[in-house]
Amino acid sequence: MARIVLKFGGTSVADLERIHNVAKHVKREHDAGHQVAVVVSAMAGKTNELVNWVQTMPKVAGSGGSFFDAREYDSIVASGEQVTSGLLAIALQSMGVDARSWLGWQIPVKTNNAHGAARIEDIDGTEIIKRMGNGQVAVVAGFQGIGPDKRISTLGRGGSDTSAVALAAALHADRCDIYTDVDGVYTTDPRIEPKACRLDRISFEEMLEMASLGAKVLQVRSVELAMVHGVKTFVRSSFDNPEEIDSSPDARPVGTLICDEDDIVEKQVVTGIAYARDESQISLRRVPDKPGVSASIFGPLAEEYVNVDMIVQSVSEDGSRTDMTFTVPDADLAKAIKVLEANREKIGYEIMQSDKGLVKVSVIGIGMRSHAGVAATAFNALAEKGINIRAITTSEIKFSVLLDSEYTELAVRTLHSVYGLDKVA
Ligand code: ADP
Ligand code: ASP
Ligand code: MG
């Protein structure tokens, strides 16, 4: 007998029929003798709808820089998960499974005070462990917790993955199964490259890079928690027929295990390709090249919580002036421009230029640590397709290129193929 946490995302609970299908998956694990806790997301599209409602409300002055009160935002957008947790508990009860729903505050899932992007600080698993011991299934609303101000908090978009992994750590679960609309983690998003292959295993580090560089199959924070707490995390499909799956201890279901690097036998140089849309590029031209210039640009941006990503500096011919190019999310562009205009004299740039709606395509693989020339292969392949690279960044196990967004599919497919990741027909 094992203790397991199962998480079902938005498409898996998109309507009542799918919720019944999810209940069958849960019942299967329960009937196999496992202690089961389930984490659910809101129905697909629900959270977007709630967020849009908040954003169309009249703007309120003095609400911490944003247009709305973040505490009320959380109270509204967390409601989708309340509905699905209750519905799933009823579906389970109707199949004869003892089940009870739980909201974040009832457990409690304690978070910090960063409403809208809160971090889980502690989960008290005592009551749930007791009830699981009595055969009751806990159905937990994902994405939400309670802040030190005793108000509902949410964990940032895609946060139910993090709820599930954190709960698995708190309950000392043997496994955390993330059920979603794909049957595992692929070499790239299968929606844009049908030749993508499912990975049997991927290391925590690579998954962390994939997630933070745009592969939204897992929220970044969930991977960090899985890595820190050693939670055995398995990504699998909720659309498999629940009746045909073997839940016995020796079963090897289809999916991807996120695990330690040492547990991967066949190591590839490149493991996957990720992409992130909605990037903006800002260039400050002819900035005086003297000590402190970077601080004068990036200090004020950081103070206003603008998330700066790729940074490229190119010195002019005579060496006295420099061009600074960097990227920020599209959503932060207007704010960044305002900050830079306000600091124009201090920074001393002559011209500011910006472009919206770009894409960052990244290549990830632990093998890059020991192989030279991996990035050069990409630059050649992209050049052959006539794709212009606006900026490049590299680190130990990944590199990224900034491109015009019309090249997204072509660039991802070109890189996928050049690193030999295409599925063999
Ligand atoms: P859920 O609602 O279950 O949380 P998400 O939509 O958040 O599901 O994440 C699953 C989606 O992630 C898939 O439908 C897929 O399009 C996308 N995705 C992006 N990159 C990858 C990848 N490398 N492997 C698998 N899925 C990926
Ligand atoms: N429902 C939330 C969202 O759409 C959380 C999640 O799906 O993980 O972001
Ligand atoms: Mg998700």
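Our subject is the structure listed above.
Residues numbered from 1 in each chain as written. Chains lettered and ligands numbered in written order. Predicted model: local features only at pLDDT ≥ 70, side-chain atom pairs only at ≥ 80, totals over all residues. Heavy atoms only, no water.

J.: Any chance you could explain the sheet that holds strand 2 (residues 35–40) here in plain terms?
T.: One key point about sheets: their strands pair by backbone hydrogen bonds, in either a parallel or an antiparallel sense. Read across the open sheet, the eight strands follow the order 3-6-2-1-9-11-12-10; overall the sheet is mixed. Of all strands in the sheet, those with a lone pairing partner are strand 3 (99–102) and strand 10 (201–203), marking the two edges. Here the strands of the sheet are splayed against their neighbours by 20 degrees on average, with no regard to which way each runs. With respect to the sheet, helix 1 (residues 16–31) is in contact with strand 1 (3–8), strand 2, strand 6 (137–141), strand 9 (175–180) and strand 11 (233–237), its orientation differing from that of strand 1 by roughly 175 degrees. (Pairing = 2+ DSSP bridges. Helix = DSSP H or I, 4+ residues; strand = E, 2+ residues; numbered from the N terminus. Axes fitted to C-alpha atoms, helices over the stretch in contact; angles between N-to-C directions. Contact = heavy atoms within 4.5 Å.)

J.: Looking at this structure, how should I read the pairing of strand 1?
T.: In terms of residue burial, strand 1 counts as a mostly covered element, since six of its six residues are buried. The side-chain alternation of strand 1 yields two buried faces, one formed by Arg-3, Val-5 and Lys-7 and the other by Ile-4, Leu-6 and Phe-8. Pairing of strand 1 with strand 9, which is carried by five bridges, proceeds in the parallel orientation. Note that in strand 9 the partner of Ile-4 across the bridge is Arg-175. (Buried < 20%, exposed > 50% of the residue type's maximum accessible area, 1.4 Å probe, protein only.)

J.: Would you explain helix 2 (residues 46–56) in this entry?
T.: Turn by turn, an α-helix covers 3.6 residues, leaving residues three or four places apart pointing in a common direction. Regarding helix 2, the residues found buried are Thr-47, Leu-50, Val-51 and Val-54. Each buried residue of helix 2 sits inside an arc of 100 degrees when the element is viewed along its axis, so together they form one side. Summarising the contacts, the buried residues of helix 2 are in contact with helix 3 (70–77) and helix 4 (79–94). (Arc of directions from axis to C-beta.)

J.: For this particular structure, what's the right way to read the sheet that holds strand 17 (residues 391–395)?
T.: Pairing within the open sheet is antiparallel, and its six strands lie in the order 14-15-13-16-18-17. Both outer strands of the open sheet, strand 14 (311–315) and strand 17, are each paired with one neighbouring strand and no more. The average angle at which neighbouring strand axes cross in this sheet is 30 degrees, direction not considered. Bridge analysis of strand 17 against strand 18 (residues 398–404) gives five bridges, and the strand direction is antiparallel. Considered in strand 18, the bridge of Thr-394 is made with Phe-399. Packed onto the sheet, helix 9 (residues 293–303) meets strand 13 (272–288), strand 14 and strand 15 (321–329) and runs at close to 20 degrees relative to strand 15. Running at roughly 115 degrees to strand 13, helix 13 (residues 408–418) makes contact with strand 13, strand 16 (351–364) and strand 18 of the sheet.

J.: Just checking my understanding: could you explain the nonpolar core for this structure?
T.: Nonpolar side chains in soluble globular proteins tend to be buried together. Ranked by internal contacts, the top residues of the largest apolar core, which has 43 residues, are Val-5 and Met-207. Elements supplying a minimum of two residues to this core: strand 2, strand 5 (120–123), helix 5 (126–133), strand 6, helix 6 (160–170), strand 9, helix 7 (204–212) and helix 8 (220–229). No other element matches the six residues that helix 6 contributes to this core. (Core = buried A, V, L, I, M, F, W, Y, C linked by side-chain atoms within 4.5 Å.)

J.: In this structure, what is going on with the site of ligand 2? I would like to understand it.
T.: All residues in the neighbourhood of ligand 2 are listed as Ser-41, Ala-42, Thr-47, Glu-81, Phe-143, Arg-157, Gly-158, Gly-159 and Ser-160. Contact distances for ligand 2 include 2.7 Å between an oxygen atom and a side-chain N or O atom of Arg-157. In this structure, Ser-160 approaches ligand 2 through a main-chain N or O atom, which is 3.0 Å from an oxygen atom. Relative to its unbound accessible surface of 260 Å², ligand 2 loses 86% to contact with the protein. Within the shell around ligand 2, the residues separate by chemical class into two nonpolar, five polar and two charged. (Near = heavy atom within 4 Å. Polar contact = N/O pair within 3.5 Å; in protein donor to acceptor, adjacent residues only side chain to side chain. Areas by Shrake-Rupley, 256 points an atom, 1.4 Å probe, with all protein chains shown as cover. Nonpolar A, V, L, I, M, F, W, Y, C, P; charged D, E, K, R; others polar.)

J.: Looking at this structure, how should I read the pairing of strand 11?
T.: Consecutive residues of a regular strand have side chains that alternate between opposite faces of the sheet. Burial analysis of strand 11 places five of its five residues in the buried class, the great majority of the element. Here strand 11 shows no split at all, with Thr-233, Val-235 and Ser-237 on one side and Phe-234 and Arg-236 on the other all buried. Two strands pair when backbone bridges link them, and strand 9 and strand 11 are joined in this way by five bridges, in the parallel orientation. Directly across from Asp-177, in strand 11, lies its bridge partner Phe-234. Note that strand 11 and strand 12 (residues 256–259) share three bridges and pair antiparallel. Counterpart to Thr-233 in the pairing with strand 12 is Ile-258.

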